[in-house]
Structures are given as structure tokens and as C-alpha cells.
Amino acid sequence: PPLGEELLQVTELQKSFRGVRAIDGVSLSVRRGEVLGVIGPNGSGKTTLFNCLSGHLSPDAGRVLLRGTDVTDKSMDAIARQGLVRTFQHPLSFRSKTVASSVELALGVSAGRARSEAAATGIPDQAGALLAFCGIGDVAQRPVSALSYGHSRLLGVALALAARPEVLMLDEPAAGLNHVESAALAALLARVCRAGITLIVIDHDMAFLMPLCDRLLVLDAGTLIAQGPPEQVRMDPRVAAVYLGG
Ligand code: ADP
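Residues numbered from 1 in each chain as written. Predicted model: local features only at pLDDT ≥ 70, side-chain atom pairs only at ≥ 80, totals over all residues.

- Under an unreviewed UniProt entry, the name given to the chain is ATP-binding cassette domain-containing protein, and the organism recorded is Ramlibacter rhizophilus.

Written out as C-alpha cells, the structure reads:
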């Protein structure tokens, strides 16, 4: 489908830790329906960029606009309510629950946010549909703690989707997954994209990101050194130099 309007606009973002510039003047924009990949070597600022967008960190300078609304320095919860949500890396707080009840709880929280009783009804059905969509319908009654690594990663996506994001951000979603698990995750992310949700994905694994993304951004030492279609970025000599340690 054609890409929509600019959903996220980031201008001149900066964040330092004890004098070290982790993010040094990054500007970017993301259109509705786009799948944006963010790559870069260790320590290049990928996670810090995510943390500044999601409200986990407050940037030192720069602006983050979501649908034209300034969300810079807003809380994580406020930003999530505005539609920008990141995956739960470790859904630890849900470990003693079943997969189905943890998703029901997450759907209930987001229905509660909407303050609508009507939205809270039908939650078990919605949870079932969401788990099926995420490919984990058959483990719905298992405790979260009993899930395989691959299934718990899919559950992480389901829990994030329960918040009804417009933009879903994933930080190294394929890390530690085997080939089968990583293919299942890539297929899910393609379905999420087709459902109209905009994706921003950080990963080291170019092979995972290449087929998934419309556009790749490359960070090095806190600055954007390249961006464009994956094939073009892969051929960029600056990117090769960074990745080969040149
Ligand atoms: P990446 O995700 O690309 O590996 P990070 O955003 O984690 O990069 O880190 C960027 C830089 O900021 C690194 O030099 C890292 O050591 C530093 N950094 C990140 N988080 C912190 C923190 N909480 N305190 C101090 N330094 C940090």
C-alpha cells in the first residue's frame, strides 16, 4: 500500500551521558505504514534513540512530534496513549499468568485507558483473536514462564499490540532467535504492517531487516550516516566501513 502522511517527526535530537554524546543531532521522519529499520554498530546510539522516542529517557535537546503533537519529555504512558508503543523485552511481570490472561490484562489496561466500559467487554475474545494473529493461539493456556524463547518474543509483540499502537517500536526483536523463530517473527511483523501499523525496528541482523524494511537508517557514534532503501544502504561504502570496523 502507498505510504501515508508523516506520523513521526524527530528534529535535532541530542542525548549525552556524562559528557558522552550518545545521540548527536539526529533528525528523521516516519510515514504512516512505513517499516523503518535502524542499524548501527554497538554503542552507536540505537537504544538511546528508542528510549528518547518512547519517553524512557528525556532528550537534552530536540523535538519529537507524533501526528504533529509535541510529545518530547512526555511520560512513557502518555506517549503510549498517543499511539507510540515499544515491545516488552521481558514480560517478566506476567510470568506466573497464562499467556491468555496476560494478554487479557494488557487489553483491559488499554480499555481502562479509553475509560469505556463497552471497550472492556469481549476482552477474552479479543485476546484469543490477538493470540491467533500472533501465531501463539495454541499455547494460550500455558503459563508465560513455560514458553519457548521464540513464543515469548511473539507474546511480547501481542502485549504491545494490546495497547493499540499506531507506531510499534521493536528493539532487537530477532536477537537470540533461531532461524525458524526469526522467520515466524518476520512473518508476524509483515502481518502487523499489513494491518496498518507503522513499525520501527532496531536490529544488528541485516539479513532479518533487509526483506522487512522499506527504509534503513544507519547510526554511527550518535549520528545518522546513511539512510535509504535497504539495497542502497547495504552498498553504501560508509556503511560497509562502519560494519567492517574501517
Ligand atoms: P546501541 O543501542 O547502538 O548499542 P546505546 O544507545 O546503548 O547504543 O549507547 C550509545 C552510547 O551511550 C554508548 O557509548 C553507551 O555506552 C552510552 N550509554 C547508553 N546508555 C547509557 C547510560 N544509561 N549511562 C551511561 N552511558 C550510556
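1. With respect to the sheet that holds strand β9 (residues 215–220)
(1) Moving on: Pairing is mixed in the open sheet, where 6 strands are placed in the order β6-β7-β8-β3-β9-β10. Strands with a single pairing partner mark the edges of an open sheet, and in this sheet they are β6 (84–86) and β10 (223–228). Along the sheet, successive strands turn relative to each other by an average axial angle of 20°, direction set aside.
(2) Moving on: The pairing of strand β3 (residues 35–39) with β9 spans 4 bridges and is classified as parallel. (Pairing = 2+ DSSP bridges. Helix = DSSP H or I, 4+ residues; strand = E, 2+ residues; numbered from the N terminus. Axes fitted to C-alpha atoms, helices over the stretch in contact; angles between N-to-C directions.)

2. Notes on the packing of helix α6 (residues 149–161) against helix α7 (residues 179–194)
(1) Moving on: Viewed as axis vectors pointing N to C, α6 and α7 meet at an angle of 15°, and their least axial separation amounts to 9 Å. One finds that α6 runs roughly parallel with respect to α7. Two packed elements cross with a definite hand, and for α6 against α7 that hand is right-handed. For the pair formed by α6 and α7, the contact residues are Y149, G150, R153, L154 and V157 on the first element and E181, A184, L185 and L188 on the second.
(2) Moving on: Considering only residue class, the contact of α6 with α7 consists of 6 nonpolar, 1 polar and 2 charged. (Parallel < 35°, antiparallel > 145°, perpendicular 65-115°, else oblique. Left-handed = near helix turned anticlockwise from the far one by under 90°. Contact = placed C-beta atoms within 7 Å. Nonpolar A, V, L, I, M, F, W, Y, C, P; charged D, E, K, R; others polar.)

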